[in-house]
Amino acid sequence: AKRAVDLVQDGDVVFLDVSTTNIEVAKLMISEEKKITIVTNMVEVLRVLAKGNIQRVIFIGGELNAERDGFFGCMAIQILSQFKFDVAFFGAAGINVYENEVSTYGVDDGLTKAAAIKASKRTYLLAEANKFNHDGNYKYAAIADFEGMISDTNLSEMVKEKVSQYDTVVI
């Protein structure tokens, strides 16, 4: 989360996707008192930001998926398509470096993530190392769609090499 926050500059419009790591990103954004706008579709991220001093917070509506703690679907996608994010941070259920695939568990979640990627100038994937050995049910992006991937541990040289083939930086 700290590495993600370091990529955000004052004045940025930031999208925080439904991701447990983005909850930690939101907490750090508050502590650093950055002068930014944060847009999110995750309920817990909104709860965290409501307690802080972020310049501007925008919540994306849509259809609530209580299990995923976020709003997804056609309404969320419509709203997201109107934004131009400076930087966006995404979670994943799985990453397949051999197939250039990033996946999640739900179609609505995946379509919403894809819309936010399309609306973003810079995109980063926040993923624990174990996500590289796992697949979700719905491919929402290619590794190549992300400027960088931020992980919690040092990834194997093989994973780093495969990711770099897609012009994506490992942080």
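Residues numbered from 1 in each chain as written. Predicted model: local features only at pLDDT ≥ 70, side-chain atom pairs only at ≥ 80, totals over all residues. Heavy atoms only, no water.

Notes on the overall build of the chain
Phase 1: Secondary structure assignment for the chain yields six helices and 12 strands.
Phase 2: Expected size for 171 residues packed as a compact globule is a radius of gyration near 16 Å; at 15 Å, the chain falls within 12% of this value.
Phase 3: Of all 171 residues assigned to the chain, the portion counted as buried reaches 51%.
Phase 4: Within the chain, residue pairs in contact and separated by at least 24 positions form 63% of the contacts whose partners lie at least 6 positions apart. (Helix = DSSP H or I, 4+ residues; strand = E, 2+ residues; numbered from the N terminus. Rg over C-alpha atoms; globule rule 2.2 N^0.38 Å. Buried < 20%, exposed > 50% of the residue type's maximum accessible area, 1.4 Å probe, protein only. Contact = heavy atoms within 4.5 Å.)

A short note on the packing of aromatic side chains
Phase 1: Applying the stated criterion to the full structure yields six aromatic pairs.
Phase 2: Plain terms: the ring middles of Phe59 and Phe71 are 5.3 Å apart, the flat faces sit at 85° to each other, and that makes the pair edge-to-face. Taken together, the positions of Phe59 in strand E3 (residues 56-59) and Phe71 in strand E5 (residues 70-72) put the pair 12 residues apart, joining distant regions of the chain.
Phase 3: Taking the relative accessible area as the measure of exposure, Phe71 reaches 18% and is therefore buried.
Phase 4: Here Phe90 and Phe146 contribute two aromatic rings whose centre-to-centre distance is 6.0 Å and whose plane-to-plane angle is 70°, an arrangement assigned as edge-to-face. Here the residue Phe90 occupies a position in strand E6 (residues 85-90), and Phe146 occupies one in the loop between strand E10 (138-141) and strand E11 (148-151), the gap between them amounting to 56 residues. (Phe/Tyr/Trp six-rings, centres within 6.5 Å; stacked < 30°, edge-to-face > 60°.)

Considerations on the sheet that holds strand E9 (residues 120-127)
Phase 1: Strand order across the open sheet formed by seven strands is E3-E2-E1-E6-E9-E11-E12, with parallel pairing between neighbours. Both edges of this open sheet fall to E3 and strand E12 (169-170), since each of them pairs with a single strand only.
Phase 2: The pairing of E6 with E9 spans five bridges and is parallel. Note that in E9 the partner of Val87 across the bridge is Arg122.
Phase 3: Along the sheet, helix H2 (residues 20-32) contacts strand E1 (13-16), strand E2 (37-40), E6 and E9; its crossing angle with E1, the most-contacted strand, is approximately 145°. (Pairing = 2+ DSSP bridges. Axes fitted to C-alpha atoms, helices over the stretch in contact; angles between N-to-C directions.)

Observations regarding the pattern of salt bridges
Phase 1: The tally for this structure, following the rule as stated, stands at 12 salt bridges.
Phase 2: With a closest N to O distance of 2.4 Å, Lys113 and Asp17 form a salt bridge. Taken together, the positions of Lys113 in helix H5 (residues 107-118) and Asp17 in the loop between E1 and H2 put the pair 96 residues apart, joining distant regions of the chain. Exposure class is identical for Lys113 and Asp17. Each is buried.
Phase 3: Ionic pairing is found between Glu157 and Lys160, a salt bridge with its closest N-O pair at 3.6 Å. Residue Glu157 and its partner Lys160 are located together in helix H6 (residues 157-164), separated by three residues, close to a single helical turn.
Phase 4: Here Glu157 falls in the exposed class, since its relative accessible area comes to 58%.
Phase 5: Note on Lys160: relative accessible area 23%, which makes it partly exposed.
Phase 6: A single salt-bridge network, built from bridges that share partners, covers Lys2, Asp6, Glu32 and Lys34. (Salt bridge = Lys/Arg side-chain N within 4 Å of Asp/Glu carboxyl O.)

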